[in-house]
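Below are the chains, spelled out letter by letter.
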Amino acid sequence: MDSQSQYDVIVVGGGHAGTEAAHAAARMGAHTLLLTQSLDTIGQMSCNPAIGGIGKGHLVREIDAMGGVMGRAIDRAGIQFRVLNQRKGPAVRATRAQADRNLYRQAVRAILDEQPHLSLFQDTVDDLIVERGTVRGVVTGMGLALRATAVVLTVGTFLGGRIHIGDHNRRGGRAGDAPSIALAERLRALPLRVDRLKTGTPPRIDTASIDYRALTEQPGDSPAPYFSRWSRGDEHPRSVSCHITHTNPVTHEHIRKALHRSPMYSGEIEGVGPRYCPSIEDKVVRFADRDGHQIFLEPEGLDSREVYPNGISTSLPFDTQIAMVRSIDGLAGARITRPGYAIEYDYLDPRDLHPSLQSLHLPGLFLAGQINGTTGYEEAGAQGLLAGINAVAHGREMAPWVPARHEAYLGVLVDDLTTRGTSEPYRMFTSRAEYRLQLREDNADLRLMPVARDYGLIDEGDWQAFCAYRDAIDRERRRLEQTIIRPADLGDDHGATCLGKPLRREQSLMALLRRPEISYDDLAALSAAGEAAADPRVREQVTIAARYEGYLQRQAAQVEKQSRYEDRALPADLDYARVAGLSREVQEKLTHHRPATLGQAARIPGVTPAAVSLLLVHLQRGEQRQSA
Amino acid sequence: MPDGTICAIATPPGRGGIGVIRVSGEAAGDCLTGLAGRLPEPRTASLRTFRDADGEPLDQGLVLWFPGPDSFTGEDVAEFHGHGGPVVMDRLLRRLIELGASLAEPGEFSQRAFLNGRMDLTRAEAIADLIAAGSEAAASAAMRSLEGAFAHRIQDLVEQLTELRVHLESSIDFIDEPLDGLAIDRLADRIEAVGEAVRAAREAARSGQQLQEGARVVIAGAPNAGKSSLMNALLGRDAAIVTELAGTTRDVLDAHLHLDGLPVQVMDTAGLRTGADVVEAEGIRRAHQAMAEADHILLVVDDRNPDEDDGLGAAWPASAAALTRVYNKIDLTHRPPGVGDDGVAVSALTGAGLDGLKSHLRGVLGVRAGDEAVFTARRRHLQALDEAAAAIDEAVSAARAGHGEELVAESLRCAQDSLGQITGAVTTEDLLGRIFSTFCIGK
Ligand SMILES: Cc1cc2nc3c(=O)[nH]c(=O)nc-3n(C[C@H](O)[C@H](O)[C@H](O)COP(=O)(O)OP(=O)(O)OC[C@H]3O[C@@H](n4cnc5c(N)ncnc54)[C@H](O)[C@@H]3O)c2cc1C
Ligand SMILES: Nc1nc2c(ncn2[C@@H]2O[C@H](COP(=O)(O)OP(=O)(O)OP(=O)(O)O)[C@@H](O)[C@H]2O)c(=O)[nH]1
Ligand SMILES: [Mg+2]
C-alpha cells in the first residue's frame, strides 16, 4: 500500500461484501485497496458456517458467473454439500454447503492474494473525505488520508454495534471484534437516513461433550455438487455429517422462566430482528403450542472442536443458555465454548441508494452488504460484487450495471432494497422473484456471463469456452425441434420400452421431451433419435427449456410489456410537484423515494398506473420541448 | 412506447341510441376483421353485422377503419357504431378482448395520440387532467361495482388462494422446516375447489346477479304507502310481503329488473316513521342508508292523504339523489294515471300508470346506468375473473400431471395477480408475512 497513491477504488471492510467488491474492481483492472480492521478476519463467517440454500445458492451462482469469489471459496472449504429441493423442479433447486470456517477464510484470502491490482491493508476507517458533496477518500484510525475516485463501504454489523447477552450488554462489532463508533457517528452526521436492526447467534458447543448416539445423522449428497463453474472437481475437502436434535418442553420451560431477563423482552433492544430467523425465545413465545423445535448440529470445521447448533439463536442470560442447552437430547453433558448473543447495529436506508448501489446524496460513495439492511453472506457478497463493478464504472464514466428483476436474483435484491427499503434484515427467498422460473442456479452463467464479459470481469479463454457451450445448447435445441419421429420408425415395442407407451402420431423430439414422464435419456435411447448431446449440462438445459417452455414464453411476454417503460430514466432533479395531475400523496412518495426509472416508480407501493402515465406524458413533454 | 392494442367505449350506450367502441393499436385490423369481416375502405363508413367467435350475430352497425399513422392516435384505429344496449356493448368488448385488445386505461387514447406526436405540447396539460380525472372516476366506479356481496365473495377467493400459496411457497422456500405441508395431490383438489368458486363467482357476475346490478333505485316512503306493492308490480312477481299492517317491511329487499335492456337494482325498504320498535328502527336506519347510496329514489305517497308527513324529515340525506314522487292507490282517489309535474300517479294494485313510471325511470336513469366508467369497471372485473379461472385450471393440470410445485406456484401467482386487479394486489411481503406468522420458520 502506498499512502500517497490515488486509488480508483477503496473498499472498506473485509467481510463477504468487501471481498467481492475489491476482487471485482481489481479484475476490471482498477487500482484497488481493501482496507479492513484486521487482515486475519478477511472472509470471516460471523454466524453459521454454511453457504447457499434456497435463494441464497442462486445468488452464489450469480456471483460465480460474474467471476466472483464465493463459489470458488466454498468449493475449497465445504465439508458437506447438498442439493435442496431435489424432488422439485430445477428453478427452485439450490445448493448448500457446510463450511470449515478456517478453510473458508484461507480460501478467500488466497483468492485475493492472487489478484493483480489489489492491495490489502489493515486499518480502521474513521471518516470519509467529502469535497463539494462528493466522496473522495477515507481517513483511517492512524490518521492516513487515502484518496480514491470511489469508496465502497461494507462494514457489516459493526456500525455502532452493541452486543447483548441477557441483561449484560457492551459495544462490539461481532464477538471478539471492536465496533465502528467513529465512522457510525460520522455517517449519522451526513445526509443519510440511519436506523437500527438486530440479529443473533447461538452458543457454540464442544463436540466432545455431545452424545451423538441417539441423534439422527444427516450426511451430504454423494457425489458432492460444486458451486463454481470454474472449479475442476477435485477441490472438495473430506466430507462430514450434521446431526439433528430437538428442543422439548423442559427447554421451553427454562426459556419462559428467563424471558424477563431477555433484552428482547425487557425492551433493552430497539432494533428489529428478522422474522424468518427468530431467536429460540421468539419461537417459544410466538408458537407457544409447539413442544419442540428442530436443531441442526453443524460442525464448524474438520479440525474444529466446536459445533454450531443451528436453531437456537439466543440472547438469554448465560446461565439460562447452559440450562436450556443441557435439556436437549444428546446435549446433557454439553460444554458451551462461546455464548449466544444478539447484536444491534446501524444500517443506512437503502432507499437513499441508486440501484447501482451508489449513494443518491453523496456521489462517489457506494454501500454494500449488511449496512444496507440485508442479512446473510450471499446477499452481502452479491451486493459487494455489484458495488465493486459500479465503483469502477463510475470512475470510467461507464454506464452502471443494474440487473433487471428478470435477469438475476441480484436484480431482485437491489430493486427491492432501493425501491421499497426494508424494515427487518432482508434475506433472499425464491418467492421474492416473480420471474423465478428463469432465475435458476443452472443458468446463472447463461444469464450473466455476457455481462461479465462486457465489464471485463472474465478473460478471453473463459469467454470462448462459454460461447462454445451456449452454441452447443442452441444447436441441440434446433436438432430436437427438427428431428421428427414417426410411429413407423419405432415399432410399438421399442417405442413402448423407451417412452412408456407406443407413439401414436409423429412428433418432434422436443415435443416428446415436454412430457414430464420422458427424460432426455429416454430419447437418447430411441433408435431413430440421432446423436445425443455429450455434455450433460447441454442435456439439462434443453430438458428444462422443453419443460418450462410455455411458462417462460409467457414470462418473456410480461417482461417485454414491462420493458417499454422499465428503463426510462427519471431525472434525479425531477420536481414532482410540477408534474401535472399527480395527487399530493403520489408526489410525496416519489419525492421521498426518488426512483431512478419509470419501472422503479411503478413498483413503489401507492404509485398508480395513472401516475405512471402522467409521468410518461411529463417526460415526453420535456423531450418535445427540447427538440422544438 | 405505447403498449399493445386497447379498446374502450367512446360514447356510452344510451337507451336505444348508438354506442361507439374504439380500438387502437397493431391488432386493430385483426379486431375489425374478426368482429365484422374484411377491412373496409379507409375512412368510409360501411354497414356490417358484428359476430361472435362462432359466427353468431351480436349486433349490426357501422364500422370505420383509420390505418395509422393518419389516425387520431397515430396507430391503426377501428371504430364500431352499435345499436345494442349495454349488454350488447359488453359482448362486443368481450369479443374484442378475445381478439387481442385490452381495456384502455383512462385517457389512454389521448395519451397515445400525444406520445405519437399527433397532439401538440399545449394539449399535454389537458391530457394530464384527463388521465387524473379519468382514473379517479374509474376508481370510484370500481368501488361501486365492487360493493356488497360480490366484494365479500372475491375477498374470500383471494383469501383461499393466499392460503394455498402460503403452503406451497413455504414448502419451496423452507425445505428444512418440518411443515405440515399439503401433499401435491391433495393440493390439486383444493386448488380445483377454489377454481370452482372462481367460476361460480364469474357466472354469477356474468349473469348479472351481482355485477350487472345497474343503477340503484330505492323505493321509500311512509308505512303502508304501498312500497312493497309497487316493488312487486314493477317486478311482475310477489317478491315482497304485502299486508295491510303498517310496518310490514323491516329490512332492505333488493331485486333486479331490466328496463328495456337497462339493468336496474330495485330496493324495497321499511316505512319511515318515528317511534318504531327496535327491529323496525334498524330497518329504518337501513332504509336511510340505502337512500344515501341510491341513484334514484321513488318516494311513495298514499294518494289519499298526499300531504301527510312523508317520514323523511331531517334524516333526508344531504347528497340526495334525484327523487320522484309516486302517488299510489289512485284506484281509490280516481286521479288520472301518468306523469305529472310533481310526480307520477299509479296504482300498484291495478297496474295503472306503471308503464308511465317505467319510461320515466328509464329517462332519468339512462345516462347514469350507461356510465362508461362503471361499465368498464365491470368488464374489467369479469376479465380478471376469467384470467384467474384460466390460471387456476393451469395450476390444477400441472399438479395432476406431476409437474413441479414451482409450476403450480407460478400459475397460482398469476391467478392471484388477476384477482388482485379487483381487490388490490397481495404483495410478496404480505405473503411472507403470512408464512412467518403461520409457520415457525428459521434456524
Ligand atoms: C451475531 C450475528 C448473527 C448473524 N446471524 C445470521 C444468520 O443467522 N443468518 C444469516 O444469513 N446471516 C447472519 N448474520 C449476518 C452475516 O454474518 C452477515 O450478513 C454477513 O457477514 C454480512 O457481510 P458484510 O460483508 O456486509 O459484513 P461483515 O461480514 O460483517 O464484514 C464487515 C467487515 O468490515 C470490517 N470493518 C467494520 N468496520 C470497519 C471500519 N471502520 N474500518 C475498516 N473495516 C471495518 C470488519 O472487520 C469486517 O471485516 C449474522 C451476523 C452476526 C454478527
Ligand atoms: N287499493 C289499493 N291498495 C293498495 C295499493 N297499493 C298497496 N295497497 C295496499 O296497502 C297496504 C300496504 O301495502 P304495502 O305494499 O305492504 O305497503 P308498504 O308501504 O310496503 O308498507 P310497510 O312495509 O308496512 O311500510 C296493503 O293492504 C296493500 O294491499 C293500491 O294501489 N291500491
Ligand atoms: Mg313494505
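Residues numbered from 1 in each chain as written. Chains lettered and ligands numbered in written order. Predicted model: local features only at pLDDT ≥ 70, side-chain atom pairs only at ≥ 80, totals over all residues. Heavy atoms only, no water.

J.: Break down the interface of chain A and chain B for me, citing the residues and quoting the values.
T.: Listed by partner, the interface residues are 54 residues for chain A and 49 residues for chain B. Summed over both sides, the interface between chain A and chain B buries roughly 4,700 Å², with carbon and sulfur atoms accounting for 57% of that surface. Applying the counting rule to chain A against chain B returns 4 salt bridges. The shortest N-O distance in the salt bridge between A:Arg436 and B:Glu169 comes to 2.7 Å. (Contact = heavy atoms within 4.5 Å. Buried area = accessible area lost by both parts, 1.4 Å probe. Salt bridge = Lys/Arg side-chain N within 4 Å of Asp/Glu carboxyl O.)

J.: Talk me through the packing of aromatic side chains; I want residue IDs and the actual numbers.
T.: Here the structure, examined in full by the defined rule, presents 8 aromatic pairs over all chains. When the ring of A:Phe429 is compared with that of B:Phe436, the centres are 5.8 Å apart and the planes differ by 50 degrees; the resulting orientation is tilted. Of this pair, A:Phe429 sits in the loop between α11 (409-420) and α12 (444-454) while B:Phe436 sits in helix α13 (residues 428-438), which puts the two residues in different chains. Residues A:Phe429 and B:Phe436 agree in their burial class; the two are buried. A connected cluster of aromatic rings, assembled from ring pairs, spans A:Tyr276, A:Phe429, B:Phe174 and B:Phe436. A:Arg229 extends its terminal NZ or CZ atom over the ring of A:Trp230, reaching a point 5.4 Å from the ring centre. Sitting above the plane of the B:Tyr327 ring, B:Arg335 keeps its charged end 4.3 Å from the centroid. (Phe/Tyr/Trp six-rings, centres within 6.5 Å; stacked < 30°, edge-to-face > 60°. Helix = DSSP H or I, 4+ residues; strand = E, 2+ residues; numbered from the N terminus. Buried < 20%, exposed > 50% of the residue type's maximum accessible area, 1.4 Å probe, protein only. Lys NZ or Arg CZ within 6 Å of the ring centre and 35° of its normal.)

J.: Hey, could you go over the sheet that holds strand β3 (residues 50-52) of chain A for me, with residue numbers and the actual values?
T.: Residues and elements named next belong to chain A. Spatial ordering of the open sheet is given by β3-β5-β4, a layout of 3 strands whose pairing is antiparallel. In this open sheet, the two strands that pair with only one neighbour each are β3 and β4 (78-84). For this sheet, the mean angle separating the axes of adjacent strands, direction not counted, is 20 degrees. The pairing of β3 with strand β5 (residues 94-99) spans 3 bridges and is antiparallel. Across the sheet, the residue bridging to Gly 52 is Arg 96, located in β5. Lying on the sheet, helix α2 (residues 56-65) is in contact with β3 and β5; it crosses β3 at an angle near 75 degrees. (Pairing = 2+ DSSP bridges. Axes fitted to C-alpha atoms, helices over the stretch in contact; angles between N-to-C directions.)

J.: Lay out unusual backbone geometry with the relevant residues and their values.
T.: Across the junction of A:Ser222 and A:Pro223, the peptide omega takes the value 0 degrees, indicating a cis bond. Within the secondary structure layout, A:Pro223 lies in the loop between β14 (216-218) and β15 (242-246). Backbone torsion omega between B:Gly68 and B:Pro69 reads 0 degrees, so that peptide bond is classified as cis. Turning to its location among the elements, B:Pro69 is positioned in the loop between β4 (57-66) and β5 (77-82). The phi torsion at A:Glu397 lies on the positive side, around 55 degrees, for a residue other than glycine. Note that A:Glu397 resides in the loop between α10 (377-395) and α11.

J.: Describe the site of ligand 2, listing the residues and the values that go with them.
T.: All names here are of chain B. Lining the immediate environment of ligand 2, one finds 24 residues, of which Asn 224, Lys 227, Ser 229, Gly 247 and Thr 248 sit closest. A distance of 2.8 Å separates an oxygen atom of ligand 2 from a polar atom in the side chain of Thr 249. At 3.0 Å from an oxygen atom of ligand 2 is found a main-chain nitrogen or oxygen belonging to Ala 348. Relative to its free-state accessible area of 640 Å², ligand 2 is covered by the protein chains to the extent of 88%. Secondary structure elements with two or more residues in the shell around ligand 2: α7 (227-235) and α9 (330-333). Examining the composition of the shell around ligand 2, we find that 3 residues originate from one element, α7, more than from any other. (Near = heavy atom within 4 Å. Polar contact = N/O pair within 3.5 Å; in protein donor to acceptor, adjacent residues only side chain to side chain. Areas by Shrake-Rupley, 256 points an atom, 1.4 Å probe, with all protein chains shown as cover.)

Treat this as a map of the structure, not an account of what it does.
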